[in-house]
Amino acid sequence: MGSISQAYLESKVVKETKSLISELCRQFYNLGWVSGTGGSITMKVHDSCIPKGQQLIVMSPSGVQKERMEPEDMYILSGDGGIVYSPSPKPYPHKPPKCSDCAPLFMKAYHMRNAGAVIHSHGMESCIVTMIKPFSKEFRITHMEMIKGIQGHGYYDELVIPIIENTAYENELTDSLAKAIEAYPKTTAVLVRNHGIYVWGDSWISAKTQAECYHYLFDAAIKLHQLGLDWSTPEHGPIQTVKGVSGVNGRMNVSTKAGTVDSNYKIEPFPRCIVLDIEGTTTPISFVTEVLFPYARNNVERHLSATYAAAKTQDDIKLLRSQVEEDLKQGVPGAVPIPSEDAGKEAVIAALVANVEGMIKADRKITALKQLQGHIWRTGFENNELEGVVFDDVPEALEKWHALGVKVYIYSSGSRLAQRLIFGNTTFGDLRKYLSGFFDTAVGNKRETRSYVEITESLGVNKPSEILFVTDVYQEATAAKAAGLEVVISVRPGNGPLPENHGFKTINSFLEI
């Protein structure tokens, strides 16, 4: 910005930002987030004429009654954190003005995440939720409506928030907060144990909305825990133990004849997360090739005709048109032009059926096909024409891992809808209660290392080796290993042969894990 004029410091946009912080602090005080002079808030002065990185920053002072602050009490900082305006002192009993002790931490969010606003709350729920599991480095929760208020998350996703340890002085948290931001690239918050939370967003509205959702989720987690329910699982059922093992998601104690052994020192730990392939791993290949694929192929025309005008079907058709256009340019065998809507519904459907049959025959792992198949299969499951099949050891293993607090995810080339249908309608009942999330080719091809890097970042583990990936495909195993994941190969009846000296551990049953 060059030199900052006094006129700009007194401009309408700066004054409005200072007033807004005063107003929000009064609201946050009533919520219990900034009582006892604790907590703080900062936001950038939104000016479309100035690049975001160079916009002025308004920040509340430290050690003052947040509910009584006035606009003239605010500090103004440059984009690099230098103070360009300090408020005038007030008479006793007010303390001399001092910029927020949180300033170095706020600047990390601005510089590392291009934030537009940052909120630091001392809300009691954000403090207590870090104390329930004192050894956990993360707060995890899933299947709660308010997760949808967190940037980049939906109802079925698992929300992961890193937890850093508190220090005697606020600015001493700066390095650990920066490391957490770097290690969890998708997070918009960091919890400080026994202290509170830092939340940021690209605007003050985004930061405020997410802060409200985070506090709601913490409050819900505390209440669920008081009821003996596990907030971190999809069904939020009773906190479980398995034979000889007590504790959930934190330190586990194992009972032996000699007494109790602390698993942190004596017991080889389970992986933090397990990611499972479906075809040839949880489910026989024959179920996919001889049941699901033929059902989709035989019902393409019926499904499209019956649901042609539906919004989801029109989305499917749009995706297929785009894919076929690309296939025709590339000379993909079996691709035929799809006429415009002017040609009539029947002509469009006939061309779609021809293309889909070719895609299924070639077993193509493309989103356009997988999305349509998922919608066709949903009809089959709803009409009880289909029932999911898994190997006999799968339900027992899922239950065991769930009781031990190990998060289990599915990664398949089939759509997430198709995955939920298979595990929600098995011969053993609904197994989704043991699963924490689903990944499909939206994160990338299963034979590409980048896909597993993306999954690792989504799960928020400290290191990729805390994830165990189980698959029957050598190329997928190789890609996951290159991303740093632990890998075992599933050897099941009907699976294809593996290369000699492939170098991976193999299992014939999940109960061997």
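Everything quoted here is computed from the prediction, not taken from an experiment. (Residues numbered from 1 in each chain as written. Predicted model: local features only at pLDDT ≥ 70, side-chain atom pairs only at ≥ 80, totals over all residues. Heavy atoms only, no water.)

Moving on, we come to helix α8 (residues 311-330). If you check α8, its first and last C-alpha atoms are 29 Å apart, about what 20 residues at 1.5 Å a residue would give, namely 28 Å. For α8, every residue scored as buried is listed here: T313, D316, I317, L320, R321, Q323, V324 and D327. Each element contacted by the buried residues of α8 is listed here: α7 (285-307), α9 (345-361) and α10 (367-382). Taken from the residues just after α8, G331 is the one with a positive phi, measuring 70°. (Helix = DSSP H or I, 4+ residues; strand = E, 2+ residues; numbered from the N terminus. Expected span 1.5 Å × (residues − 1). Buried < 20%, exposed > 50% of the residue type's maximum accessible area, 1.4 Å probe, protein only. Contact = heavy atoms within 4.5 Å.)

Another aspect to go through is a nonpolar patch on the surface. There is a patch of nonpolar side chains on the surface, built from M124, I128 and M131 and spanning about 290 Å² of accessible area. Along the polypeptide, M131 turns up in the loop between α4 (124-128) and β6 (138-142). (Patch = residues over 30% accessible without salt bridge, like charges linked within 9 Å, V, L, I, M, F, W, Y side chains within 5 Å. Areas by Shrake-Rupley, 256 points an atom, 1.4 Å probe, with all protein chains shown as cover. Salt bridge = Lys/Arg side-chain N within 4 Å of Asp/Glu carboxyl O.)

Turning our eyes to something else, we now look at the UniProt feature "domain: Class II aldolase/adducin N-terminal" (unreviewed entry) in the chain. Here, the residues flagged by UniProt with the feature "domain: Class II aldolase/adducin N-terminal" (unreviewed entry) are residues 19-222. End C-alpha atoms of residues 19-222 are separated by 34 Å, and the span's content is 28% helix alongside 20% strand. (UniProt positions renumbered as here; feature names shortened; annotations may be inferred.)

Counting buried positions over the five residues of strand β14 (residues 407-411) gives five, a clear majority of the element. Burial along β14 is two-sided: the face carrying K407, Y409 and Y411 and the face carrying V408 and I410 are both buried. Where strand β13 (residues 273-276) meets β14, four bridges bridge the pair, whose relative direction is parallel. Counterpart to L276 in the pairing with β14 is I410. Between β14 and its parallel partner strand β15 (residues 437-439), the chain crosses via helix α12 (residues 416-424), and the hand of that crossover is right-handed. (Pairing = 2+ DSSP bridges. Right-handed = clockwise from strand over helix to strand, strands pointing away.)

Another point: the side chain of T283. Within the secondary structure layout, T283 lies in the loop between β13 and α7. In contact with T283, not counting residues within four places along its chain, are I278, V389, V390 and F391.

This structure, assessed with the given rule, holds 25 salt bridges. The partner of K446 in a salt bridge is D277, and the shortest N-O contact between them spans 2.5 Å. A residue pair is termed long-range when its members are at least 10 positions apart, and K446 in the loop between β15 and α13 (449-459) and D277 in the loop between β13 and α7 qualify at 169 residues. Residue K446 is classed as buried on the basis of its relative accessible area of 6%. Looking at D277, the relative accessible area reads 4%, which means it is buried. For the salt bridge of R450 with E454, the shortest nitrogen-to-oxygen distance reads 3.5 Å. You can see R450 and its partner E454 sitting in helix α13, four residues apart, about one turn around the helix. Three or more residues are tied together by salt bridges with common partners; here these are E138, R140, E158, R272, K407 and E466.

Within the largest apolar cluster, 56 residues are counted, with the highest numbers of intra-cluster contacts made by L276, W377, L398 and W401. When residues no more than four places from it in sequence are discounted, the contact partners of L398 are L276, V408, L431, Y434 and L435. Core analysis: the next-biggest nonpolar cluster, separate from the first, contains 45 residues, I119, V129, L159 and L224 among them. (Core = buried A, V, L, I, M, F, W, Y, C linked by side-chain atoms within 4.5 Å.)

We now examine the pairing of strand β1 (residues 40-44). Of all five residues in β1, five are buried, a share of seventy percent or more. Burial along β1 is two-sided: S40, T42 and K44 and I41 and M43, pointing in opposite directions, are all buried. Pairing analysis gives four bridges linking β1 to strand β5 (residues 117-121), with the strands arranged antiparallel. Bridge pairing in β5 links I41 to I119.

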